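# Observations on the three-dimensional arrangement
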Protein chains: 2
Amino acid sequence: MNIVLLSGGSGKRLWPLSNDIRSKQFIKIFKAENGAYESMVQRVYRQIKTVDKDATVTIATSKTQVSTIHNQLGEDIGISVEPCRRDTFPAIALATAYLHDIQGVSLEESVVVCPVDPYVEDDYFEALKALGEQAAKGEANLVLMGIEPTYPSEKYGYIIPAAAEQISTVDTFREKPGAETAKSYISQGALWNGGVFAYKLKYVLDKAHELIGFTDYADLFDKYDTLTKISFDYAVVEKEPNIQVMRFAGEWKDLGTWNTLTEAMSEPVLGNAILNDACANVNVVNELNVPIVCMGLHDVVVSASPEGILVSDKEQSSYIKPYVDQIDQQIMFAEKSWGSFRVLDVEDGSLTIKVTFNPGHGMNYHSHQRRDEIWNVISGEGVVIVDGMEQPVRAEDVITMQAGCRHMVTAVTELKMIEVQLGKEISVNDKKKYDREY
Amino acid sequence: MNIVLLSGGSGKRLWPLSNDIRSKQFIKIFKAENGAYESMVQRVYRQIKTVDKDATVTIATSKTQVSTIHNQLGEDIGISVEPCRRDTFPAIALATAYLHDIQGVSLEESVVVCPVDPYVEDDYFEALKALGEQAAKGEANLVLMGIEPTYPSEKYGYIIPAAAEQISTVDTFREKPGAETAKSYISQGALWNGGVFAYKLKYVLDKAHELIGFTDYADLFDKYDTLTKISFDYAVVEKEPNIQVMRFAGEWKDLGTWNTLTEAMSEPVLGNAILNDACANVNVVNELNVPIVCMGLHDVVVSASPEGILVSDKEQSSYIKPYVDQIDQQIMFAEKSWGSFRVLDVEDGSLTIKVTFNPGHGMNYHSHQRRDEIWNVISGEGVVIVDGMEQPVRAEDVITMQAGCRHMVTAVTELKMIEVQLGKEISVNDKKKYDREY
């Protein structure tokens, strides 16, 4: 099976766990069988490999997610990197060209496209495999997965099949309806559109050439920022008369909001929290190292991270985005392939952060024009270069760097430091990079 | 008026704002007329001085509160320092001896005793003054304030007066009753006992000499730790036949729990918070510098500090103590007369804190046996002495101190530093003090 997972943008609907640089699909919130916690993307990848160990998995995403994906899934994963965001048609066109030109997938092979964040059981991936096999038959140009609705949701588009069989041609599509209309659709046998479909590689590559002028993957990649934003549904699906739908009746959840995410949590509490007996249907996800005490709450989700604290009625949690969009503060933490950082203190004239480097990683040679920095190494071992002078460092070493001074560090073991930045105009943009050769 | 304010212990019923070293009465949570925030003790002191600018105010408290009291009320306030906690009879005896021997209050003058944390209007303090004047008449040995009940509370003891007049003798006392019994007491004209009373200084001094063998204030102070814990109610009030009660019908609240505290807040939100329109009867007190977002909550209090996060139904908030008692973590922040500190990061082998010194303050000359320290000065100016070497410091200076090294710092202007402690056994007890002369 060739599968393309669409890994969307940052999104704030799971704030404070997700922020501008940490997407929900990378938050380790699900308890796997071995007791460790895994992220949405790790869970989905594990499930795909369980169903089809030879599956070729490609993640279509922006470059900001590349290091996190390698960090969570290893180096073998295929990544179709979008140089910028241009909606799903350009993204799927680029991933398809990537599969053909870089991964050597033939024109006749089928490709399955799926969002990266469904919360499903293994039968869902069995269904994806069947979807790909159906597409390979060539009976239709596109084969959609139609999810058997469990309630008249207003959140999803509906697919009206021509017949009640497991596989059928599609009569028509309906946009997200009101609850009453949704009921009527369901009584007519409509299925949810979960954004999952399969096609022969040739079909989408031809569509891409038809709609975008490009020679090959490299060319498409180069001109990606000139492409018009357009969705795959609008550019392709709505114009294609020859579409089949395959029914899926298994469990399926879209983990887009806190309400649905908490339903998928195997334990009500993740992190340091105390709930009294008067609490009912309460979930807590606490990434801080101080406790959360909950008393007498009903149907509430509480989440705390270095970014902030959410306390929400579960139903209301789907409306947080405009409120979170009001928040104007710097990024307070991030986890990257090289390690992580967390802002500890913000003052007018100084910024104190904790930086952890994974072994073998570090920061590139750079300088700042308008701030001095002090590194307080608190654990581990590494090598520091300051203005061309190399020196080993370990816990208790202090390195002071004036503005303009070039510096870099590479961790030998896991290396942790408290970095104190001092200056009147501290900004992430105040950074000049240099070649490592000095 | 001579007034003794009993300032109780730490208490965790307002966690996470109060902790083992920060008592609720010192939290700046009330908006004063000038727009600044004041604490319970500041509010009460200001009100007393408004009603009687010549009032002699003495706070009976433990030594751990002395610096905070001076910090909040200035140096003129009288403080009767209890060397250790011995319940209210020894505390009132000590404060009475302090008034006589140190403040020069005569045996015939009256003294009013009142808790430090009532939330009341100025008419309450007018009533305290009248209480003192009544005690000075000598008609009874004790004059209690009886608060007109507003509902059949189970939280208070009841006073049954002999008559319905403004001032009456007391028939009897009733312990905290059930709601039904409380109703019946109220129908009989009972009054709440708010722990407020007045007496002639001589009366309590004589009782103290009768029950405790001591010569004067200094002697009582010296043997304070040998005294038996006993309440004033039990030792004196319950045995005294000649007691009057004076009615008080004004507004009176006991701010002992989050539920009652939030009723006294002039604004629903203190600190950084966003509430959506679906929230009703929600209070937020946020001492962190990251936002709290509340969605669709009803009758809930949310509070966050460096100690932790409380999310509680308001009714349930009176039951937090046993849950908070379970929390076993180091003190994460404190405000003192010399300044403040906050723990920023805790690692196995290191502790990073932010320390702010007020001008003219600092830390005494000391050393640590089992940890090194690094001071990163981030703002202000001061003077550091390390192993006898004195040097001025300012923002950007870094001082490194090996274990065993003697060090101290004095702030010239407000001085802020990031202190990184490094060692395998970091403990507040690892501290050896030295005379300033070296």
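Think of each chain on its own: its residues are numbered from 1, step by step along the sequence as written. The lettering of chains begins at A and the numbering of ligands begins at 1, in the order of writing. Only residues with pLDDT of 70 or above have their local features reported here, since the model is predicted, and side-chain atom pairs are shown and tallied only from 80 upward, although totals for entire chains, interfaces and linings are computed over all residues. Hydrogens and water molecules were not included; the side-chain quantities draw on all heavy atoms of the structure.

Grouped together as the largest cluster of nonpolar side chains are 64 residues, with contacts concentrated most on Leu297 and Val302 of chain A together with Leu297 and Val302 of chain B. Contacts are assigned to residue pairs with any non-hydrogen atoms lying within 4.5 Å of each other. For valine 302 of chain A, the contacting residues outside a window of four places in its chain are Asn283, Val284, Val285, Ile292, Cys294, Leu297, Leu310 and Val311 of chain A together with Val311 of chain B. To define a nonpolar core, start from buried Ala, Val, Leu, Ile, Met, Phe, Trp, Tyr and Cys residues and group those joined through side-chain atoms within 4.5 Å. Type-normalised accessible area, obtained with a 1.4 Å probe on protein chains alone, sets the label of each residue: buried when under 20%, exposed when over 50%, and partly exposed for intermediate values.

Glancing now at the sheet that holds strand β29 (residues 415-422) of chain B. Backbone-to-backbone hydrogen bonds join strands into a sheet, with any given pair of strands oriented parallel or antiparallel. Residue and element names in this part refer to chain B. Pairing is antiparallel across the open sheet formed by six strands, whose spatial order is β20-β21-β22-β29-β24-β27. In the strand order of this sheet, the two ends are held by β20 (333-336) and β27 (398-401), each with one partner. Going from strand to strand, the sheet's axes swing by 15° on average, the running direction of each strand aside. Of the pairings in the sheet, the one linking β20 to strand β21 (residues 339-347) comprises four bridges and is antiparallel in character. Pairing of lysine 336 across the sheet is with glycine 339, part of β21. Two strands pair under a simple rule: DSSP has to find at least two bridges between them. A run of H or I in DSSP counts as a helix once it spans at least four residues, and a run of E counts as a strand once it spans at least two, with each numbered from the N terminus. Note on definitions: angles span 0 to 180 degrees between N-to-C directions of axes, and those axes are lines fitted to C-alpha atoms, for helices only across the stretch in contact.

Let's shift gears to the relation of the copies chain A and chain B. A least-squares superposition brings the copies together, and it is based on the C-alpha atoms of residues with pLDDT no lower than 70 in both. For the pair chain A and chain B, the best superposition has an RMSD of 0.1 Å and corresponds to a rotation of 180° with a translation of 0.0 Å parallel to the axis. Viewed as a symmetry operation, the transformation between the two copies matches a two-fold axis. Measuring from the rotation axis to each C-alpha of chain A, the shortest distance belongs to leucine 344 of chain A, at 2.9 Å. In this assembly, 100% of the residues forming the interface of chain A have copies in chain B that are likewise at the interface, indicating an isologous arrangement.

The next subject is the sheet that holds strand β17 (residues 292-295) of chain B. In space, the six strands of this open sheet follow the order β14(A)-β16(A)-β18(A)-β19(A)-β17(B)-β15(B), with mixed pairing throughout. Edge positions in the open sheet fall to β14 (269-270) of chain A together with β15 (273-275) of chain B, since each of these has one partner strand only.

Attention now goes to unusual backbone geometry. One can expect most non-glycine residues to show negative phi and most peptide bonds to be in trans. Residue and element names in this part refer to chain A. With an omega dihedral of 5°, the bond running from tryptophan 15 to proline 16 counts as a cis peptide bond. Here proline 16 lies in the loop between β1 (2-6) and β2 (30-31). Unlike most non-glycine residues, aspartate 299 shows phi in positive territory, near 55°. Residue placement: aspartate 299 occurs in strand β18 (residues 298-305). Even without being a glycine, glutamate 396 presents a positive backbone phi close to 90°. Assessed through its relative accessible area of 32%, glutamate 396 is described here as partly exposed.

Moving on to the interface of chain A and chain B. Listed by partner, the interface residues are 53 residues for chain A and 53 residues for chain B. Defined here as a combined quantity, buried area equals the accessible surface (1.4 Å probe) lost by two parts on assembly, summed across both. The contact between chain A and chain B buries some 4,300 Å² in all, and 65% of this surface belongs to carbon and sulfur atoms. It is Met295, Ile309 and Val311 of chain A that lose the most area in chain A upon contact with chain B, and together they represent 16% of the buried surface on that side. Basic side-chain nitrogens of Lys or Arg form a salt bridge, by our definition, when they fall within 4 Å of a carboxyl oxygen of Asp or Glu. A salt bridge links glutamate 347 of chain B to lysine 416 of chain A; its shortest N-O distance comes to 2.9 Å. The term polar contact refers here to a pair of N or O atoms within 3.5 Å; inside protein, the definition further demands a hydrogen-donor-capable atom paired with an acceptor-capable atom, and it admits residues adjacent in sequence only when both atoms are side-chain atoms. At the junction of chain A and chain B, the tally comes to 19 residue pairs in polar contact (both at pLDDT 80 or more). Every element with two or more residues in the side of chain A that touches chain B is listed here: β17 (292-295), β18, β19 (308-313), β21 (339-347), β22 (350-357), β24 (372-379), β27 (398-401) and β29 (415-422) of chain A. Here the element with the most residues in the side of chain A that touches chain B is β19 of chain A; it accounts for six residues. The sheet contact formed by β19 of chain A and β17 of chain B spans four bridges and is parallel. Across the sheet, leucine 310 of chain A pairs through a bridge with valine 293 of chain B, a residue of β17 of chain B.

Turning our eyes to something else, we now look at helix α4 (residues 122-137) of chain A. Residue and element names in this part refer to chain A. Given a rise of 1.5 Å per residue, 16 residues ought to cover 22 Å, and the 23 Å separating the end C-alpha atoms of α4 matches this to within 8%. Along α4, the residues that are buried comprise Tyr124, Phe125, Ala127, Leu128, Leu131, Gly132, Gln134 and Ala135. Considered in projection along α4, the buried side chains sweep an arc of 165° and stay on one side of the axis. Backbone geometry just after α4 places glycine 138 at a positive phi near 80°. In this scheme, a helix's expected span is set at 1.5 Å multiplied by one less than its residue total. Arc definition: it is the arc formed by the directions from the helix axis to the C-beta atoms.

Using protein atoms alone on a 1 Å grid, points that fit a 1.4 Å probe yet trap it form a cavity, whereas open point sets bounded by protein on both sides within 12 Å along at least five of seven lines form a pocket; residues with an atom within 4 Å of a point count as lining. Grid points are joined across faces, edges and corners, and a volume is the space filled by probe spheres set on the points. On inspection of all chains with the given rule, the structure shows two cavities of 30 Å³ or more. A volume near 330 Å³ is recorded for the largest cavity. As for the largest cavity, its lining consists of 21 residues, of which Leu288, Arg342 and Leu344 of chain A together with Leu288 and Arg342 of chain B are closest to the centre. For the lining of the largest cavity, the elements supplying multiple residues, two or more each, are β21 of chain A together with β21 of chain B. Residue contributions to the lining of the largest cavity peak at five residues, all from β21 of chain A. Each residue receives one of three labels: charged for Asp, Glu, Lys and Arg, nonpolar for Ala, Val, Leu, Ile, Met, Phe, Trp, Tyr, Cys and Pro, and polar for the others, Gly being one of them. Its residues placed into classes, the lining of the largest cavity shows 13 nonpolar, four polar and four charged. By volume, the second largest cavity amounts to about 30 Å³. For the lining of the second largest cavity, the class distribution of residues is four nonpolar, one polar and two charged.

To continue, consider the confidence of the model for chain A. The pLDDT score gives, residue by residue, the confidence of the prediction method on a 0 to 100 scale. With 99% of its residues at a pLDDT of at least 70, chain A reaches an overall mean of 92. For this predicted complex, the interface confidence score (ipTM) comes to 0.84, while the overall pTM stands at 0.84.

Further remarks concern the pairing of strand β26 (residues 389-394) of chain A. All names here are of chain A. Note that strand β25 (residues 381-386) and β26 share six bridges and pair antiparallel. Residue pairing for β26: isoleucine 385 is matched across the bridge by glutamate 390. Connecting β25 to the antiparallel partner β26 that follows it, the hairpin turn spans two residues, and aspartate 387 within it adopts a positive phi of roughly 45°.

Turning our attention to the pattern of salt bridges. Throughout the structure, instances matching the rule amount to 42 salt bridges over all chains. One salt bridge connects arginine 43 of chain B with glutamate 121 of chain B, and the closest N-O pair in it is separated by 3.7 Å. Of this pair, arginine 43 of chain B sits in helix α1 (residues 40-51) while glutamate 121 of chain B is found in the loop between β7 (118-120) and α4 (122-137), placing the two residues 78 residues apart along the sequence. For glutamate 121 of chain B, a relative accessible area of 37% translates into the label partly exposed. Among the ionic contacts, a cluster of salt bridges with common partners joins Asp345 and Glu347 of chain A together with Lys354 and Lys416 of chain B.

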